[in-house]
Amino acid sequence: MPDAVKRNRLQRLRKSPSYKALAKALWEANPISKQILGICSSLAVTVQMKTALVMAVSLTLVVAFSSLIISSLRRAIPPNIRIMVEVTVIATLVVLADECLRAFMYEVSRQLSVFVGLIITNCIVLGRAEGYALSNPPWRSFVDGLANGIGYGSVLVGVAFFRELLGSGTFFGYPVVPPFFYKMGYVNNGLMRLAPGAFIIIGLFVWLEHTMLSKKKG
Amino acid sequence: MENLISIALNSIFVGNILLAYFLGMCSFLAISKNMKTATGLGIAVVFVLTVTTPVNWLIYHFLLAPGALAWAGFPEVDLSYLKLVLFIATTAAIVQALEMVIDRYSPALYASLGVFLPLITVNCAILGVSLFMVERAYTFPETAVYGASSGIGWALAIITMSAIQKKLRYADVPSGLQGFGINMITTGLMAIGFMLFAGISL
């Protein structure tokens, strides 16, 4: 009975710790909206989809690999200097990411300016290292890091989508608002390109999510 | 001189490190509930930024920048890629040293600031200001002014925010928007207010 086997396998997958870690990080405890972490460096890069996507990918890779490395070292790290060790691992990975961006995507790296470097102080990265990688085996920590990075990245790209669409009328740099809209008097909302736009969009995102989640519960 | 004043005004208001560059948001949202602690953290950030930014400038220009090691006989060495690691290390070291000095000489100040000092090491604003200082190629006096006034701008924002939150307790906010949501929107409105200073020219 292949159907039953399939169901059985799916159930076992759902019960595996890696899946649980993934699901938790992606939906129930999304780093930005639930843990209110790591918005620091994230919002400034959300004016365009392109920069937001590059930022999301680099952050995901840094979180995943720093979790993997720290978790593999977790029995060797003396507890009282663990923060120094963690920051050193993270900083090394961020320097690698920064150099790669500069080598292969120079234009984007110039737009991201200091914000790639600021991944070091992003609370998500250190928070995952402290809160998960130090007490879990490497593979599961890697998955957890990956999921947290993707969860964070999805919010980033979501904010960028609205800011680019409303602020510049484009999507990945291609104009999507039809020209006759402008002829009829439609104007791009310049506020969305400025800092306040990002704050307000994040606020509205959280509102939507809270309302949806509370309806589900009730 | 005029240049310095305009850097100071710009980094306190229009280019506020928190409201225009989103740096230091984590502690801003976590601490701004209580006005007293917000003031304490604000003062601690001003303190740390005023000290670390010039120190990082010295480190960058005498050790890391391309050609900076000419005084040691290595004119073609470029260590600028190490700036991230070294800046964060200096920040951590200075915060630790400050903590010990304050503890030794002013126990009263330590009692009110002590809790916040370790938090500051991972505050994005500190590292961000050092990195912006390199990117904008400031001179030493400009860096000193920029560091101090960025700190003042951050402190101003967090103190204002805590005052607004105190008032918000009496407001009737829709249930899904309470907490984090309304804080973000308030911050957005504050950012609009701070941007109005862009019209001022010296």
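The structure presented is a predicted model; accordingly, all values stated were derived computationally and were not measured.

What counts and how
- Residues numbered from 1 in each chain as written.
- Chains lettered and ligands numbered in written order.
- Predicted model: local features only at pLDDT ≥ 70, side-chain atom pairs only at ≥ 80, totals over all residues.
- Heavy atoms only, no water.
- Helix = DSSP H or I, 4+ residues; strand = E, 2+ residues; numbered from the N terminus.
- Buried < 20%, exposed > 50% of the residue type's maximum accessible area, 1.4 Å probe, protein only.
- Contact = heavy atoms within 4.5 Å.
- pLDDT = per-residue confidence, 0-100.
- 1 Å grid on protein atoms, 1.4 Å probe; cavity = no way out; pocket = protein on both sides within 12 Å on 5 of 7 lines; lining within 4 Å.
- Points joined across faces, edges and corners; volume = space filled by probe spheres on them.
- Nonpolar A, V, L, I, M, F, W, Y, C, P; charged D, E, K, R; others polar.
- Salt bridge = Lys/Arg side-chain N within 4 Å of Asp/Glu carboxyl O.

Some remarks on the overall build of chain A
Now for step 1: Helix and strand counts for chain A stand at nine helices and two strands.
Now for step 2: Burial analysis of chain A (218 residues in total) assigns 45% to the buried set.
Now for step 3: Residue pairs in contact within chain A that sit at least 24 positions apart in sequence constitute 75% of those at least 6 positions apart.

Describing the confidence of the model for chain A
Now for step 1: With 80% of its residues at a pLDDT of at least 70, chain A reaches an overall mean of 79.
Now for step 2: When pLDDT is averaged over each element of chain A, helix α3 (residues 49-72) of chain A comes out on top at 90 and helix α2 (residues 17-28) of chain A at the bottom at 64.

Looking at unusual backbone geometry
Residue and element names in this part refer to chain B.
Now for step 1: Positive phi is not limited to glycine here, since F22 has a value of about 60°.
Now for step 2: Residue placement: F22 occurs in the loop between α1 (2-14) and α2 (25-31).
Now for step 3: Positive phi, close to 50°, is recorded for A137, a residue that is not glycine.
Now for step 4: Residue A137 is classed as exposed on the basis of its relative accessible area of 62%.

As for empty space enclosed by the protein
Gaps left between atoms show up when a probe the size of a water molecule is rolled over them.
Now for step 1: If you walk through the whole model with that rule in mind, you get one cavity of 30 Å³ or more.
Now for step 2: The computed volume of the largest cavity comes to approximately 40 Å³.
Now for step 3: Elements supplying a minimum of two residues to the lining of the largest cavity: α4 (82-104) of chain A together with α4 (83-105) of chain B.
Now for step 4: Per element, the largest residue contribution to the lining of the largest cavity is four residues, and it comes from α4(A).
Now for step 5: Residues belonging to the lining of the largest cavity are distributed by class as follows: three nonpolar, one polar and four charged.

Here we look at the pattern of salt bridges
All names here are of chain A.
Now for step 1: A full pass over the atoms with the stated rule returns two salt bridges over all chains.
Now for step 2: Among the salt bridges present, the one from D98 reaches R102, with a minimum N-O distance of 3.1 Å. Note that D98 and R102 are positioned in helix α4 at a spacing of four residues, about one turn of the helix.
Now for step 3: A salt bridge links R128 to D144; the nearest nitrogen and oxygen atoms lie 3.0 Å apart. Pair noted here: R128 is in helix α6 (residues 123-131) and D144 is in helix α7 (residues 138-168), with a separation of 16 residues, a long-range link.

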